[in-house]
Amino acid sequence: MDLLQTYADKSDGEDQSHQPSTSSPDSSPPRLIPSKSAAPKVDDTMLALTVAKAHQSHSQPIDPSQHVVAFNPTYDQLWAPIYGPAHPYAKDGIAQGMRNHKLGFVEDAAIESFVFDEQYNTFHKYGYAADPSGNNYIGDLDALQKNDAISVYNIPQHEQKKRKIEKMKDVEMEDEVVGGEHEVDPTEIDNPASDVWLMKNKKSPWAGKKEGVQTELTEEQKKYAEEYAKKKEEKGHSGEKGEHLVDKTTFHGKEERDYQGRSWIAPPKDAKATNDHCYIPKRLIHTWSGHTKGVSAIRFFPKYGHLILSAGMDTKVKIWDVFNSGKCMRTYMGHSKAVRDISFCNDGSKFLTAGYDKNIKYWDTETGQVISTFSTGKIPYVVKLNPDEDKQNILLAGMSDKKIVQWDINTGQTTQEYDQHLGAVNTITFVDNNRRFVTSSDDKSLRVWEFGIPVVIKYISEPHMHSMPAISLHPNTNWLAAQSLDNQILIYSTRERFQLNKKKRFAGHIVAGYACQVNFSPDGRFVMSGDGEGKCWFWDWKSCKVFRTLKCHEGVCIGCEWHPLEQSKVATCGWDGLIKYWIIL
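Looking at an unreviewed UniProt entry, one finds the chain named Pre-mRNA-processing factor 17 and attributed to Gossypium mustelinum. Turning to the chain, the UniProt annotation filed under Subcellular location (unreviewed entry) states: "Nucleus".

Okay, here's the thing in structure tokens:
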């Protein structure tokens with residue numbers, strides 16, 4: 001212990017000896033040596049900006065487009081309004097995707113129907129109502145204090161008592177009138193037209209229905225009645241005919257005429273038949289997708305096929321470029337309902353459309369103007385022009401009222417009616433050098449007519465026959481291919497007897513319930529048809545065997561057309577709104 005104490009005393013003495021004396025004037029001031037670091041200098045400007053931006057983001061509303069939130073947002077940030085960049089077509093600056101109403105964004109409110117009716121009627125009666133977003137009131141606050149914030153369904157007790165007293169007074173007055181019979185004329189008590197009789201027999205079925213003397217109408221009332229009758233007559237007249245819609249068209253190409261002054265519908269000069277021998281296509285090379293609903297029919301431009309016309313269930317008719325750009329060239333808008341059928345004239349400069357709005361329109365292909373409109377008040381299912389060059393002004397239409405109506409386009413007058421079918425007419429096909437035509441109907445029969453004479457010269461109907469919603473003529477004009485709804489294609493001769501060819505029958509596809517189009521290759525070697533499962537079927541004409549099937553569309557493949565010049569190209573359309581172009585390579 002003594003040694004430890006000695007060692008401690010010694011160490012204390014050494015510490016005191018080493019400390020500098022500040023009281024001595026000769027002692028030098030202490031020197032401070034600056035510290036040095038071997039680490040390189042770092043520019044922390046970006047770090048400071050990042051931190052500032054992070055602090056700023058905590059006060060801004062959350063961007064709804066981001067998928068990850070890197071911090072915990074506050075309640076105010078979650079419910080803060082979103083102010084995005086001003087939309088060029090929105091006057092109030094709200095983006096188009098953030099509005100669900102023409103005045104902006106409207107949130108759903110969960111309010112019971114009884115509470116809503118109560119506040120609605122209270123506001124219209126007293127001028128104030130409860131604010132659904134809080135516990136305060138809106139409207140006339142003076143009336144609110146005056147009425148003690150009552151609603152139409154919360155009548156105070158003193159008001160209820162007052163109403164009861166008034167009701168009792170009314171009953172007493174009625175009793176006095178009825179009871180004082182000695183003061184009332186006895187004839188009025190037995191007269192149902194008198195007030196006394198009504199008061200006494202107020203529970204009778206005709207109580208309160210006092211007959212009044214009918215006075216003459218004033219001049220103003222007569223004028224109003226005439227105008228109302230006139231409007232009603234016009235409305236009924238328009239209901240008989242087709243629905244009217246303003247005809248519009250839109251050109252989508254770059255220019256309607258090229259540098260040589262040629263129209264955009266003019267066929268290319270180098271378009272010619274490449275091969276007389278047809279081959280079955282198997283590869284998709286182009287898809288047109290401009291219709292918002294299904295496509296019901298397609299037609300290639302006559303002889304050249306450099307354009308393709310499509311009829312859509314979205315009420316629009318479009319024409320597409322096949323030869324060059326592959327884009328939509330023009331849209332024709334004139335029908336108010338889906339378009340059922342389309343048909344070109346011989347040179348392609350004009351075409352017909354038939355819609356479910358009961359109108360048939362004759363369009364100019366180049367300008368998109370409607371030349372004529374025809375209607376009988378019934379839905380046209382098929383439209384055709386007479387194929388003869390000197391009869392391009394004769395229009396035939398198969399209607400839903402079992403008739404085939406013939407118009408002269410130049411005069412707009414009905415020149416003939418063929419009325420023998422027992423159901424809606426589905427097809428019109430000219431045969432025998434256009435001197436006759438064959439029609440099919442929902443009555444499960446085929447009828448052959450002499451053009452211009454409304455008398456059936458051949459009637460084909462068998463118990464085993466089904467409806468035939470699509471018919472096509474063979475390129476050699478000797479045969480008709482009829483799409484039968486019992487899932488087969490039947491072949492009829494176009495000779496005098498129009499007999500069924502029992503040796504030729506094409507089957508395998510499913511078309512029951514669908515008016516899928518049937519068609520031939522330009523050389524007549526192949527038969528093709530769409531079906532209800534979206535496939536396009538190809539059969540060999542001689543052997544009647546299935547050559548190939550293509551899965552073309554999702555849903556129904558309703559139409560198929562072989563290109564008139566390029567022999568190995570086929571276009572199909574379906575209820576998925578697409579038009580597809582197929583080639584062999």
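J.: Lay out the overall build of the chain in plain terms, naming residues and giving numbers.
T.: When helices and strands are counted, the chain shows nine helices and 31 strands. Taking all 585 residues of the chain together, the buried fraction comes to 37%. Intrachain contacts of the chain at a sequence separation of at least 6 include 44% that bridge at least 24 residues.

J.: Which residues make up the pattern of salt bridges, and what values do they have?
T.: Any two side chains of opposite charge can pair, given that their charged atoms come close. Across all of its chains, the model carries 14 salt bridges by this definition. With a closest N to O distance of 3.9 Å, R525 and D523 form a salt bridge. For R525, a relative accessible area of 30% corresponds to the partly exposed category. Note that E566 is salt-bridged to K569, the shortest N-O span being 2.7 Å. Among the residues examined, K569 registers a relative accessible area of 18% and is labelled buried. Because the salt bridges share partners, they merge into one network encompassing D432, R435, R436 and E450.

J.: Which residues make up the environment of G253, and what values do they have?
T.: When you line up the elements, G253 lands in the loop between β3 (248-251) and β4 (283-288). Its relative accessible area of 23% is what places G253 among the partly exposed residues. Along the chain, G253 and D321 lie 68 residues apart, while their C-alpha atoms are 9.5 Å from each other.

J.: Could you give me a rundown of the UniProt feature "repeat: WD" (unreviewed entry) in the chain, with the residues and numbers involved?
T.: Mapped onto this structure's residue numbering, the UniProt feature "repeat: WD" (unreviewed entry) falls at residues 288-322, 332-373 and 418-450. What you have in residues 288-322 is 0% helix and 54% strand, and the ends, taken at the C-alpha atoms, are 10 Å apart.

J.: Got a sec to walk through the layout of surface pockets? Specific residues and values, please.
T.: By volume, the second largest pocket amounts to about 610 Å³. Taken together, the residues of the lining of the second largest pocket sort by class into nine nonpolar, six polar and nine charged.

J.: How would you summarise the nonpolar core if you had to cite specific residues and measurements?
T.: Counting residues in hydrophobic clusters, the biggest one holds 17 residues, and the most contacted among them are W264, L307, L309, I319, Y332 and F351. When residues of this core are traced back to their parent elements, those giving at least two are β6 (307-312), β7 (316-321), β8 (328-333) and β9 (339-344). Ignoring anything within four residues of it in the chain, the contact list for L309 reads A297, I298, R299, V317, K318, I319, Y332, I342, F344 and F351. If you look at the next biggest cluster of nonpolar residues, it comprises 16 residues, including V295, I298, W320 and Y581.

J.: Before we move on, can you summarise a nonpolar patch on the surface with the specific residues and values?
T.: A surface patch of nonpolar side chains, about 590 Å² in accessible area, is lined by I111, F114, V115, F116, Y120 and Y153. Secondary-structure assignment places I111 in the loop between α3 (75-78) and α4 (113-126). When its relative accessible area of 39% is taken as the criterion, I111 is described as partly exposed.

J.: If you had to explain the pairing of strand β17 (residues 425-431) to someone new, which residues and values would you point to?
T.: Buried residues dominate β17, accounting for seven of its seven residues. Judged from the six bridges that link them, β17 and strand β18 (residues 436-441) form a sheet pairing that is antiparallel. Bridging across to β18, V425 finds its partner in S441. In this structure, the hairpin formed by β17 and β18 is closed by a connection of four residues, where D432 is found at a positive phi of approximately 55 degrees.

Thresholds, definitions, all that
- Residues numbered from 1 in each chain as written.
- Predicted model: local features only at pLDDT ≥ 70, side-chain atom pairs only at ≥ 80, totals over all residues.
- Heavy atoms only, no water.
- UniProt positions renumbered as here; feature names shortened; annotations may be inferred.
- Helix = DSSP H or I, 4+ residues; strand = E, 2+ residues; numbered from the N terminus.
- Buried < 20%, exposed > 50% of the residue type's maximum accessible area, 1.4 Å probe, protein only.
- Contact = heavy atoms within 4.5 Å.
- Salt bridge = Lys/Arg side-chain N within 4 Å of Asp/Glu carboxyl O.
- 1 Å grid on protein atoms, 1.4 Å probe; cavity = no way out; pocket = protein on both sides within 12 Å on 5 of 7 lines; lining within 4 Å.
- Points joined across faces, edges and corners; volume = space filled by probe spheres on them.
- Nonpolar A, V, L, I, M, F, W, Y, C, P; charged D, E, K, R; others polar.
- Core = buried A, V, L, I, M, F, W, Y, C linked by side-chain atoms within 4.5 Å.
- Patch = residues over 30% accessible without salt bridge, like charges linked within 9 Å, V, L, I, M, F, W, Y side chains within 5 Å.
- Areas by Shrake-Rupley, 256 points an atom, 1.4 Å probe, with all protein chains shown as cover.
- Pairing = 2+ DSSP bridges.

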